[in-house]
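Architecture at a glance
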Amino acid sequence: MSTLENGTRCSPAIHAPGERQITFGQAIREAIAEEMARDENVFVIGEDVAEAGSVFKVLVGLLDEFGPERVIDSPISEAGIAGIGVGAAITGMRPIVDIMFGDFTTLVMDQLVNQAAKTHYMSGGKLTVPMVLRTTLGASRRSAAQHSQSLHALFSHIPGLKVALPATPYDAKGLMKTAIRDDNPVVIFEDKMLYQEKGPVPEEEYTLPLGQADVKRTGEDITIIATSSMVYVGLEAADKLASIGISAELIDPRTTNPLDSDTLIQSAKKTSRALVLDEGYRQYGVTGEIASVIADGAFYYLDAPVKRIGAMNVPVPFSPAMEDLTIPDADDVVETAKAMCAGDS
Amino acid sequence: MSEKNDSNPNETELDTEHWLQAYEQMVKIRTFEETANDLYTSARMPGITHLYIGEEAIAVGICEALRQDDYITSTHRGHGHCLAKGADLDRMFAELLGKEAGYCRGKGGSMHIADQETGNLGANGIVGGSAGIATGAGMSIKLRGTDQVSVCFFGDGALGQGLLYESMNMAQLWKLPVIYVCENNQYGEYTHNSKTAAGSMVGRASGFGVHAQAIDGQDIRTVHATARLVIERARKGGGPAFLVCNTYRFRGHHVGDIDRPYRTREEEAEWAKRDPLTLLEDWLLKSEQAEKQVLERIQQEVKTAVDDAVAFAEEASFPSESEVDRHVYA
Ligand SMILES: Cc1ncc(C[n+]2csc(CCOP(=O)(O)OP(=O)(O)O)c2C)c(N)n1
Ligand SMILES: [Mg+2]
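Residues numbered from 1 in each chain as written. Chains lettered and ligands numbered in written order. Predicted model: local features only at pLDDT ≥ 70, side-chain atom pairs only at ≥ 80, totals over all residues.

**Brief notes about the overall build of chain B**
A count of helical and extended segments in chain B gives eleven helices and seven strands. Relative to its length of 330 residues, chain B is compact, with a C-alpha radius of gyration of 19 Å against a globular reference of 20 Å. Projected onto the principal axes, the alpha-carbon positions of chain B cover approximately 55 × 50 × 40 Å. Across the 330 residues in chain B, those meeting the buried criterion constitute 54%. In chain B, of all internal contacts separated by at least 6 residues, the share reaching a separation of at least 24 is 77%. (Helix = DSSP H or I, 4+ residues; strand = E, 2+ residues; numbered from the N terminus. Rg over C-alpha atoms; globule rule 2.2 N^0.38 Å. Buried ≥ 20, exposed ≤ 12 C-beta atoms within 10 Å, placed from the backbone. Contact = placed C-beta atoms within 7 Å.)

This is the structure we're talking about:
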């Protein structure tokens, strides 16, 4: 791969023949449009979401369909729109607050962490905050340290928040619809590199529960737990492992909070090895939490210590020569899995 | 929306030599940006970049009134500020190409160029993100008892960020030497500011008692004369100022924004009549301070320097793998 090329680490989407194929971006758009049609309390607010249809063009057409009262271009005021989201949610609306880059969620921390996450509890269960905050994660676009982070672990840490990070168009649509209907604040992280990825999405309406992992590939020798775009890295690795006789199971938790611990533990018990893969910084991240859940729940069944692979613990560098080093790739996964299966990890 | 321009201050004129220097700086920025665009379209530059074309009079007008030891903070649209404050072309291009010889060793890229030697505390990828940093530099100047000043460049879009108001309030309370320069190019990304900024722009600062005025950002003579007054005032302990410089970005939000469906070609043509470079050229010629050949020679020299800098940057090497985890901590 040329170092100048913007990253292309996604393998072709997972296909199921006969079904309608749409992109990840279209799936998100469809979910929001369907929920807006279903419930007049749902509205979208964010920077360049209306006229421009969002900078990633995911929301194109919503303005025409639902009008400027419900698809609202905001000033560049992340804290403000998050606060408006919380207040509107408490008083009967179902806002979808759009934060363009996951890196900018640091600007909404108080509104999300101290307000949205705690309102229901602090009010003794009286007030609810049915709000969705959708944002992005993922590096490899040569966008440097302030436009490339995967910060979902920060929010997964907070009781009162739910966090989803879909990997496929199917999951994106189903989880988005559920998130909008959920009576709690839900943060959805979408990988910027996945918006153009196609996958099967049925015409009929469906939703997916928050807190249910999905087995993306079954296998016998090792369980790879991967989130968001890392699902594709994991699948690519699983293909390579298959060619050398290692059968990998790949599980996508789809939400980090709530976390479907049972499915992860059962799989690890079955394969006796678990490797956790996530694009957040490795330190104090999602991989650490999931690894400890598995170590705890499957300890007596494991033939190797649980391993984890995350982004390097450095701000994401601009130069392609360095950026690619910081993000896990299939070869990293293959090497680690091989070592685990050989018993020399 | 453009804020109505306040009347021109009494002009503190530079001599011809300095005007030609300012002209050269503006040509340098224009040529740098056109070249950066070429690098993008020919797939020789990683990522995207935001061009400063059309706004050159602001960075140069302000920075020509600064000393080397004064500070600036810059934005995602920052090449103009960095160059105007004295950055070298070769290390700028090297950074844009992600090379080790770049200002930030390839770690920052287009949006994060910093250069302490010229007082550039860094460009910022977070809109409004440097309001606090520039104000903190003002605090440091006051505590250290020097007569430096700190200039915070930001776009009209940053008027949406609360940090700016927290910062200006403190700057006025404590009479910090900070100049807040709002480059009002009418748009934040794809949205006109009439849809995002309520009320008066200057009123946002004057409400805190900060000296505030709106000026024609296309005319370097106005920008420079105003800058000198507020900068001298700040040096003497007179406190912060807020300048709304009315301007226009002649290109898209970034190099990939070529259709620009959110604004009309007519509006662009109107603004093109007020190209800051042409305005300065016309004045230099009309006031007989320079002949056409002199200006053309400057353009030619800049072009050669830019070409050399690009060649330097393209030949420079990428950082080695061991660079990736250096500088996480000091
Ligand atoms: C806090 C934050 N929100 C959103 C963005 C995305 N973004 C980058 S540039 C931009 C528009 C900025 O407009 P303005 O401040 O007027 O500067 P201009 O681009 O016009 O020079 C936006 C919204 C960002 N970088 N930072
Ligand atoms: Mg602007």
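Having seen the structure, we can now continue with the description.
**Brief notes about the overall build of chain A**
Of regular secondary structure, chain A possesses eleven helices and 14 strands. Taking 2.2 N^0.38 as the reference for a compact globule, 345 residues should give roughly 20 Å; the C-alpha atoms of chain A span a radius of gyration of 20 Å, in line with that estimate. Its C-alpha atoms give chain A principal-axis dimensions of about 60 × 50 × 45 Å. For chain A, the proportion of contacts with a sequence separation of at least 24, taken over those separated by at least 6, is 80%.

**Quick notes on the site of ligand 1**
Around ligand 1, a shell composed of 21 residues is seen, among which Arg77, Val127, Gly155, Gly157 and Gly188 of chain B lie nearest. Ligand 1 sits at the junction of chains A and B, each of which supplies nearby residues. A per-class count over the shell around ligand 1 returns eight nonpolar, seven polar and six charged. (Near = placed C-beta within 6 Å. Nonpolar A, V, L, I, M, F, W, Y, C, P; charged D, E, K, R; others polar.)

**Overview of helix α7 (residues 230–243) of chain A**
Residues and elements named next belong to chain A. Over its 14 residues, α7 runs 20 Å from end to end, which matches the ideal 20 Å to within 8%, given 1.5 Å per residue. By the burial criterion, the buried members of α7 are Met230, Val231, Tyr232, Val233, Gly234, Leu235, Ala237, Ala238 and Leu241. Downstream of α7 by a residue or two, Gly245 has a phi angle that is positive, lying close to 85°. (Expected span 1.5 Å × (residues − 1).)

**A few points about the pairing of strand β2 (residues 42–46) of chain A**
Residues and elements named next belong to chain A. Counting buried positions over the five residues of β2 gives four, a clear majority of the element. Examined bridge by bridge, β2 and strand β4 (residues 94–98) share five bridges and lie parallel to one another. Its bridge partner lying in β4, Val42 is registered against Arg94. (Pairing = 2+ DSSP bridges.)

**Comments concerning the environment of Gly102 of chain A**
By the element assignment, Gly102 of chain A lies in the loop between β4 and α4 (109–122). The sequence separation of Gly102 of chain A and Glu190 of chain A amounts to 88 residues, and the corresponding C-alpha distance is 8.9 Å.

**Quick look at the interface of chain B and chain A**
Interfaces are frequently sized by the accessible area removed from exposure as the parts join. Taken residue by residue, the interface counts 33 residues in chain B and 27 residues in chain A. When its residues are assigned to classes, the side of chain B that touches chain A shows 13 nonpolar, 14 polar and six charged.

**A short note on the sheet that holds strand β13 (residues 274–281) of chain A**
Residues and elements named next belong to chain A. The strand order across the open sheet built from five strands is β9-β11-β10-β13-β14, with neighbouring strands paired in mixed fashion. Only two strands of the sheet have a single neighbouring strand rather than two, namely β9 (214–217) and β14 (307–311). Along the sheet, successive strands turn relative to each other by an average axial angle of 25°, direction set aside. As defined by bridge partners, β9 adjoins strand β11 (residues 248–252) across three bridges and the pair is classed as antiparallel. Across the sheet, residue Asp214 finds its bridge partner in β11, namely Asp252. (Axes fitted to C-alpha atoms, helices over the stretch in contact; angles between N-to-C directions.)

**Concerning the nonpolar core**
Ile224, Leu275, Leu277, Ile294, Val333 and Ala337 of chain A are the most contacted members of the largest nonpolar core, which has 100 residues in total. A total of eight residues in this core trace back to one element, the largest contributor, which is α7 of chain A. Counting contributing residues, this core receives three or more from each of domain 1 (21–200) and domain 2 (214–341) of chain A. Dropping the residues within four chain positions of it, Leu275 of chain A is found in contact with Ile222, Ile224, Lys307, Ile309, Val333, Thr336, Ala337 and Met340 of chain A. Counting residues in each nonpolar core, the second largest holds 98 residues, with Ala145 of chain A together with Val151, Cys182 and Val255 of chain B among its members. (Core = buried A, V, L, I, M, F, W, Y, C linked by C-beta atoms within 7 Å. Domains from an automatic or database assignment.)

**Concerning the sheet that holds β4 of chain A**
Residues and elements named next belong to chain A. As summarised here, the arrangement of the seven strands in space is β3-β2-β4-β5-β7-β6-β12, forming an open sheet in which the pairing is mixed. A strand with exactly one partner marks an edge of an open sheet, and here the two such strands are β3 (71–73) and β12 (255–257). For this sheet, the mean angle separating the axes of adjacent strands, direction not counted, is 20°. Where helix α6 (residues 169–181) meets the sheet, its contacts fall on β2, β4, β5 (132–137), β6 (162–164) and β7 (186–191), and the angle it forms with β7 comes to roughly 160°.

**Regarding the packing of helix α2 (residues 56–63) of chain B against helix α8 (residues 220–235) of chain B**
Residues and elements named next belong to chain B. The contact between α2 and α8 brings their axes to 8 Å, and the two run at 35°. Note that α2 runs across α8; the crossing there is right-handed. When α2 is examined against α8, the residues Ala57, Ile58, Val60, Gly61 and Ile62 are found in contact with a partner set consisting of Ile220, Val223, His224 and Ala227. (Left-handed = near helix turned anticlockwise from the far one by under 90°.)

**Let's talk about the domain arrangement of chain A**
All names here are of chain A. Domain annotation for chain A reports domain 1 (21–200) and domain 2 (214–341). Distance between the C-alpha centres of domain 1 and domain 2: 26 Å. Opposite the 26 residues of domain 1 that make contact, domain 2 presents 24 residues. When residues of the side of domain 1 that touches domain 2 are traced back to their parent elements, those giving at least two are α5 (152–156), β6, α6 and β7. By residue class, the composition of the side of domain 1 that touches domain 2 is 15 nonpolar, seven polar and four charged.

**So, the environment of Gly234 of chain A**
All names here are of chain A. Along the chain, Gly234 turns up in helix α7. For the pair Gly234 and Leu59, spaced 175 residues apart in sequence, the C-alpha to C-alpha distance is 29 Å. Aside from chain neighbours lying at most four places away, what touches Gly234 is Ile224, Ala226, Leu250, Leu277 and Val333.

**A word on unusual backbone geometry**
In this chain, Asn257 of chain A is followed by Pro258 of chain A through a cis amide linkage whose omega measures 5°. Along the chain, Pro258 of chain A falls in the loop between β12 and α8 (261–271). Its identity is not glycine, yet Lys57 of chain A carries a phi of approximately 65°, on the positive side. Topologically, Lys57 of chain A is positioned in the loop between β2 and α2 (62–66). One non-glycine residue, Ala43 of chain B, adopts positive backbone phi at about 55°. By the secondary structure assignment, Ala43 of chain B is in the loop between α1 (16–41) and α2.

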